[in-house]
Amino acid sequence: MAKRIQFSQHGGPEVLQLLDFEPAAPGPQQVRVRNQAIGLNFIDTYFRSGLYAPPSLPSGLGTEGAGVVEAVGEQVSRLKVGDRVAYGGGPLGAYSEVHTLPEANLVKLPDSISFEQAAAVMLKGLTVQYLFKQTYALQPGDTILFHAAAGGVGSLACQWANAIGAKLIGTVSSAGKAERAKALGAWETIDYSREDVAQRVLELTDGKKCTVVYDGVGADTWLTSLDCLQPRGLMVSFGNASGAVSGVNLGILAQKGSLYVTRPTLATYANTAESTQAMADDLFAMISSGQLQVDIQQRYPLTEAAKAQTELSARRTVGSTILLP
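Reference entry: report on the structure contained in this document. (Residues numbered from 1 in each chain as written. Predicted model: local features only at pLDDT ≥ 70, side-chain atom pairs only at ≥ 80, totals over all residues. Heavy atoms only, no water.)

1. Observations regarding the layout of surface pockets
So, step 1. Each pocket or cavity is described by its volume, and for the second largest pocket that value is around 220 Å³.
So, step 2. In this structure, the second largest pocket is lined by 13 residues; those nearest its centre are Arg4, Phe21, Val98, His99 and Thr100.
So, step 3. Take the lining of the second largest pocket: its biggest share by element is three residues, from strand 7 (residues 98–102).
So, step 4. For the lining of the second largest pocket, a count of residues per class yields six nonpolar, four polar and three charged. (1 Å grid on protein atoms, 1.4 Å probe; cavity = no way out; pocket = protein on both sides within 12 Å on 5 of 7 lines; lining within 4 Å. Points joined across faces, edges and corners; volume = space filled by probe spheres on them. Helix = DSSP H or I, 4+ residues; strand = E, 2+ residues; numbered from the N terminus. Nonpolar A, V, L, I, M, F, W, Y, C, P; charged D, E, K, R; others polar.)

Here you go:
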């Protein structure tokens, strides 16, 4: 028997239940992992609340973790029992002592990266990898705006942009978070709780605005983000922390400077075993070289998953949060 978190109805953190279950033997091309650490992400709250629909209810939760292979199914070729592995994509069910998932979704974890580091960084780190290396190939000297620069994804983005030589302007909600983002490599910060973001971007860039805006906040920042882009700039809307962007009139892109917009997801980029491993290897190399520090600020036992989600949604966390089975 093992323990896992599941939910039978949509709602707040109170719908999460800790239950015993009997792990099934892995099927063809499947691998069963004994989790050593589990990642906590905003997307988990979307599945729980119903913003994103899980395949069916009751459902497990979570898509990120790291551990040791304890069983493999038929036709598994890359991995064997005892391998150290990590994952940042579905199926749902990472909030568990044991998780079974397709071999293609797992990457081999080098000895230089700990289970806790991997669980804290896979989803967020692979997100920054595709945002900065694939969605738009960030170049030295590029000036970009990144919302929520002191959060889990933002903390890595500040460091990665700095390593590339790009000038990241990060939005934050407090002086403390501004200080944190600057310490991590942000070129400048804007406290959106007391400053006009678009006006400050104009001032900081001498009227040139940004090449790219990376927006994981969603509805609340959509229009502001467009106002921070230079003509033919790229709006990258990659998250919904404040709710989904909807009802968009494409004409607004013309009015604000023939702008481009994309709504990417990690699954489209990490869509094969080879691409996922290559992206992870790039991420792990950044960590091993010291260019990326994985900052785990909160650790909760798996039994306190609801409390961890409450803190995350209330923006009372900084850096990364992990659950420990």
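Having seen the structure, we can now continue with the description.
2. So, the nonpolar core
So, step 1. If you look at the biggest cluster of nonpolar residues, it comprises 53 residues, and the most contacted ones within it are Phe132, Phe146, Leu168 and Tyr214.
So, step 2. Looking at this core, the elements with two or more residues in it are helix 2 (115–135), strand 9 (143–146), helix 3 (152–164), strand 10 (167–172), helix 4 (175–184), strand 12 (210–215), strand 13 (229–237) and helix 9 (273–288).
So, step 3. Top contributing element to this core by residue count: helix 2, with 11 residues.
So, step 4. If we ignore the near neighbours within four places in the chain, the residues touching Phe146 are Leu131, Phe132, Val153, Gly154, Ala157, Leu168, Ile169, Gly170, Thr171, Tyr214 and Phe238.
So, step 5. Grouped together as the second largest cluster of nonpolar side chains are 26 residues, Ile5, Ala94, Ala305 and Leu312 included. (Core = buried A, V, L, I, M, F, W, Y, C linked by side-chain atoms within 4.5 Å. Buried < 20%, exposed > 50% of the residue type's maximum accessible area, 1.4 Å probe, protein only. Contact = heavy atoms within 4.5 Å.)

3. Digging into helix 3
So, step 1. The end-to-end C-alpha distance of helix 3, which contains 13 residues, comes to 19 Å, matching closely the 18 Å that a straight helix rising 1.5 Å per residue would cover.
So, step 2. Within the span of helix 3, buried status applies to Gly152, Val153, Gly154, Ser155, Leu156, Ala157, Cys158, Gln159, Trp160, Ala161 and Ile164.
So, step 3. Considering only its buried residues, helix 3 is in contact with helix 2, strand 9, strand 10, helix 4, helix 9 and strand 16 (320–324).
So, step 4. After helix 3 finishes, the residue Gly165 shows a positive phi value of roughly 100°. (Expected span 1.5 Å × (residues − 1).)

4. Some remarks on the sheet that holds strand 12
So, step 1. Here we have six strands laid out as an open sheet, ordered 11-10-9-12-13-14, and parallel in their pairing. Lying at the two open borders of the sheet, with one neighbouring strand each, are strand 11 (188–191) and strand 14 (260–262). Ignoring which end each strand starts from, the neighbouring axes of this sheet average 15° apart.
So, step 2. Strand direction decides the pairing type here: strand 13 and strand 14, joined by three bridges, are parallel. Within the sheet, the bridge partner assigned to Met235 lies in strand 14 and is Val261. (Pairing = 2+ DSSP bridges. Axes fitted to C-alpha atoms, helices over the stretch in contact; angles between N-to-C directions.)

5. Overview of the side chain of Asp215
So, step 1. Relative to the elements of secondary structure, Asp215 occurs in strand 12.
So, step 2. Although Asp215 lies buried, it forms no salt bridge, and the closest oppositely charged side chain, Arg263, sits 9.0 Å away as judged by the N-O distance.
So, step 3. Of the polar contacts made by the side chain of Asp215, one reaches the backbone nitrogen of Val217; its length is 2.8 Å.
So, step 4. Within the structure, the side chain of Asp215 is placed 2.7 Å from the side chain of Ser225, a separation counted as a polar contact.
So, step 5. Discounting residues that sit within four places of it in the chain, Asp215 has contacts with His147, Thr221, Trp222, Ser225, Met235, Val236, Ser237, Phe238 and Gly239. (Lys, Arg positive; Asp, Glu negative; His and termini not counted. Salt bridge = Lys/Arg side-chain N within 4 Å of Asp/Glu carboxyl O. Polar contact = N/O pair within 3.5 Å; in protein donor to acceptor, adjacent residues only side chain to side chain.)

6. Re empty space enclosed by the protein
So, step 1. The full count for this structure, using the stated rule, is one cavity of 30 Å³ or more.
So, step 2. Approximately 30 Å³ is the volume found for the largest cavity.
So, step 3. As for the largest cavity, its lining consists of Gly152, Ser155, Leu156, Gln293, Val294, Asp295, Gly319 and Ser320.
So, step 4. A total of three residues in the lining of the largest cavity trace back to one element, the largest contributor, which is helix 3.
So, step 5. Among the residues making up the lining of the largest cavity, the classes are represented as two nonpolar, five polar and one charged.

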